[in-house]
Amino acid sequence: MPKVTKKLGNNKARAWESLGFAHKKKLCQHFDTTSLFVDTDYKRAIASSYYMTKLKTEVMGKLNMKDWIDQTIQNKKTIAIPIMTHPGIELIGKSVHDAVTNGQVHYEAIKALCDKYPTAAATVIMDLTVEAEAFGAEIVFPENEVPSVSGRLLTDETAIEALEIPALNKGRIAQYLKANMLTARNITDRPVFAGCIGPYSLAGRLYDMSEIMMLIYINPEAANTLLRKCTDFIIRYCMALKATGVNGVVMAEPAAGLLSNEDCLQYSSVFVKEIVEKVQDDHFTVVLHNCGNTGNCTQAMVYTDAAAYHFGNKIKMEEALKEVPVHALAMGNLDPVSLFKMSSPEEMRQATLQLLEATSAHPNFVLSSGCDVPPYTPLANIDAFYAALEEFNAMRN
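Conventions adopted
- Residues numbered from 1 in each chain as written.
- Predicted model: local features only at pLDDT ≥ 70, side-chain atom pairs only at ≥ 80, totals over all residues.
- Heavy atoms only, no water.
- Helix = DSSP H or I, 4+ residues; strand = E, 2+ residues; numbered from the N terminus.
- Buried < 20%, exposed > 50% of the residue type's maximum accessible area, 1.4 Å probe, protein only.
- Polar contact = N/O pair within 3.5 Å; in protein donor to acceptor, adjacent residues only side chain to side chain.
- Contact = heavy atoms within 4.5 Å.
- pLDDT = per-residue confidence, 0-100.
- Pairing = 2+ DSSP bridges.
- Axes fitted to C-alpha atoms, helices over the stretch in contact; angles between N-to-C directions.
- 1 Å grid on protein atoms, 1.4 Å probe; cavity = no way out; pocket = protein on both sides within 12 Å on 5 of 7 lines; lining within 4 Å.
- Points joined across faces, edges and corners; volume = space filled by probe spheres on them.
- Nonpolar A, V, L, I, M, F, W, Y, C, P; charged D, E, K, R; others polar.
- Lys, Arg positive; Asp, Glu negative; His and termini not counted.
- Salt bridge = Lys/Arg side-chain N within 4 Å of Asp/Glu carboxyl O.
- Right-handed = clockwise from strand over helix to strand, strands pointing away.
- Phe/Tyr/Trp six-rings, centres within 6.5 Å; stacked < 30°, edge-to-face > 60°.

Participant: Whenever I open this one, the side chain of S201 confuses me. Can you help?
Facilitator: Along the chain, the position of S201 falls in helix α10 (residues 199–207). Residue S201 is classed as buried on the basis of its relative accessible area, which comes to 0%. A polar atom in the side chain of S201 sits 2.8 Å from the side chain of E253. Within the local environment of S201, its side chain forms a polar contact with the backbone nitrogen of A255, the two atoms lying 3.1 Å apart. Sequence-distant contacts of S201, that is, excluding residues within four places in its chain, are made with M209, A252, E253, P254, A255 and A256.

Participant: How should the confidence of the model for the protein chain be read in this particular structure?
Facilitator: Reading predicted coordinates in detail is not appropriate for stretches of low pLDDT. Within the protein chain, residue pLDDT values average 88, and 85% of them lie at 70 or more. Contacts for the low-pLDDT stretch residues 1–61, under 50 throughout, to residues beyond four places or in other chains number 134 contacts.

Participant: Got a minute to help me understand α10 in this structure?
Facilitator: Every α-helical turn comprises 3.6 residues, leaving residues that sit three or four positions apart pointing alike. Taking burial as the measure, the nine residues of α10 include nine buried ones, the bulk of the element. The set of residues buried in α10 consists of P199, Y200, S201, L202, A203, G204, R205, L206 and Y207. Downstream of α10 by a residue or two, D208 has a phi angle that is positive, lying close to 95°.

Participant: Can you walk me through the sheet that holds strand β9 (residues 365–369) in this structure?
Facilitator: Strand pairs in the sheet, formed through backbone hydrogen bonds, run parallel or antiparallel to each other. Taking strand neighbours across the sheet as the criterion, the seven strands line up as β1-β4-β5-β6-β7-β8-β9 in an open arrangement whose pairing is parallel. Each of the sheet's edge strands pairs with one partner strand only, and the pair in question is β1 (122–123) and β9. Relative to strand β8 (residues 329–334), strand β7 (residues 308–311) is paired through three bridges, and the arrangement is parallel. The partner of H310 across the bridge, within β8, is M331. Helix-sheet contacts for helix α17 (residues 345–358) involve β8 and β9, and the interaxial angle to β8 is about 150°.

Participant: Where do I start with the environment of L334 in this structure?
Facilitator: Mapped onto the elements of the fold, L334 is located in strand β8. Take L334: its relative accessible area is 4%, and that puts it in the buried class. When the C-alpha atoms of L334 and V373 are compared, they prove to be 9.9 Å apart, with 39 residues separating the residues in sequence.

Participant: Honestly, empty space enclosed by the protein in this entry has me stumped. Any pointers?
Facilitator: Rolled over the atoms, a probe as big as a water molecule pinpoints where empty space is left. Counted according to the given criterion, the structure contains four cavities of 30 Å³ or more. Computed from the structure, the largest cavity encloses a volume of approximately 110 Å³. Around the largest cavity, the lining comprises 17 residues; the ones closest to its centre are V124, I125, M126, G195 and C196. Of all the elements in the fold, those that place two or more residues in the lining of the largest cavity are α7 (130–135), β4 (192–197) and β5 (248–252). Considering each element in turn, the lining of the largest cavity owes the most residues, four residues, to β4. Across the lining of the largest cavity, the residue classes tally to 13 nonpolar, two polar and two charged.

Participant: Just checking my understanding: could you explain the side chain of D208 for this structure?
Facilitator: Inspection of the secondary structure puts D208 in the loop between α10 and α11 (209–218). One buried charged side chain, D208, makes no salt bridge at all; its nearest oppositely charged neighbour is R152, positioned 5.7 Å away. Engagement of the side chain of D208 in a polar contact is seen with the backbone nitrogen of E211, the distance being 3.0 Å.

Participant: Even after reading the chapter, I still don't get the pairing of strand β6 (residues 285–290), so can you show me in this structure?
Facilitator: Of all six residues that make up β6, six are buried, and the element is covered over most of its length. Covered by surrounding structure in β6 are T285, V287 and H289 together with V286, L288 and N290, the residues of both alternating faces. Between the parallel pair β5 and β6, the chain is carried across by helix α13 (residues 261–279), and the sense of this crossover is right-handed. Bridging between β6 and β7 involves four bridges; their strand directions are parallel. When the sheet's bridge partners are listed, V287 is paired in β7 with A308. Following the backbone out of β6, through helix α14 (residues 298–303) and into the adjacent parallel β7, one traces a crossover that is right-handed.

Participant: Is there a simple way to explain the layout of surface pockets in this structure?
Facilitator: Put simply, the second largest pocket is a space of about 250 Å³. Lining the second largest pocket are 16 residues; nearest its centre among them are I69, Q280, A306, A307 and H327. Of the residues in the lining of the second largest pocket, the class split is eight nonpolar, three polar and five charged.

Participant: What exactly am I supposed to notice about the packing of aromatic side chains here?
Facilitator: Aromatic rings considered in pairs are described by the distance between their centres and by the relative angle of their planes. Summed over the entire model, instances satisfying the criterion amount to six aromatic pairs. When the ring of W68 is compared with that of F193, the centres are 6.4 Å apart and the planes differ by 65°; the resulting orientation is edge-to-face. Of the two residues, W68 sits in helix α3 (residues 65–74) while F193 sits in strand β4, which places them 125 residues apart along the sequence. Among the residues examined, F193 registers a relative accessible area of 3% and is labelled buried. With 5.1 Å between their ring centres and 50° between their planes, F340 and F385 make a pair best called tilted. In this pair, F340 is assigned in helix α16 (residues 336–341) and F385 in helix α18 (residues 379–396), connecting sequence segments 45 residues apart. There is no split in this pair, since F340 and F385 are both buried. Here the aromatic residues Y117, F340, F385 and Y386 are joined through ring pairs into a cluster of three or more.

The following block contains the structure:
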């Protein structure tokens, strides 16, 4: 029997620290979701996405993402797409809690960043609790930190069997669809990438991360039942996101990085591949993010046939690029905490230039953060990041 390659730790890391999610229940806040369904356009989007058999012509005709990827690879200049929304929240004077519970605020934060910085694509918040909340998990909502799952929704195999796949009107799904719809409508000069969690990472948030790693060996049938339900919901959610008019989705599957390549393939990639086959096309790109991967499961990631792969800062980017097909984008991987948040602007500049030099032989490389850039990241460091990119491109061209 293959061995688990790593141990999880205490499950208390934030999203940009890749894997954790637990917090004390006393921090938990609740809010009334009945107010989410007041936007007629949003309700229309849910109806069309939930039961649709095809997307509207105007959505499909917006941007050919296959051509965009080809042009990005052919372009002599490197582009940058950091996974970054939190600095935008601060730019508009709102809290993280405001943004993750209100689609209008979320959109305004994204728009503020797009107005300020030349990111090649807009991205939404990497919130790995939205889907778990829809299933019924209890969520902690700190005022100025990302939400996290509190406790364990599923405690045994019987609970897995009884688990129902939720509708798209549960939890904050409505607000995230609204944020994506507003962003797609109003930011039209670059692609817009939605966000969702991956199936194995979602299963871990419902069953407990350490417990799911044991379950795949003790009772693989029950594990597959849970993964099947998670996958079915993610497909539904991605179709709804697609209907909002966004150009793709960044699927965060960091927990799969804890597994060997063989186990990642069996308990993550086969399910991710199914999602890719259902939702990815010329107009909608899946970006598979796995910041838990240290190089142990890159082959399993590539098996999914996603159009782009996003890597965390624990992997050597130049090594990852060797395993990514030349026609797919490989994105990463500057440390969002030690560099973006904690370094000086000059340290940020130097690290960015070093990464650009190390990856210069790969035209499919896209400069990015290794994960979601956290709250309270200094704007001076973001400025240095983009200045270094401009400096590098000027030297090359």
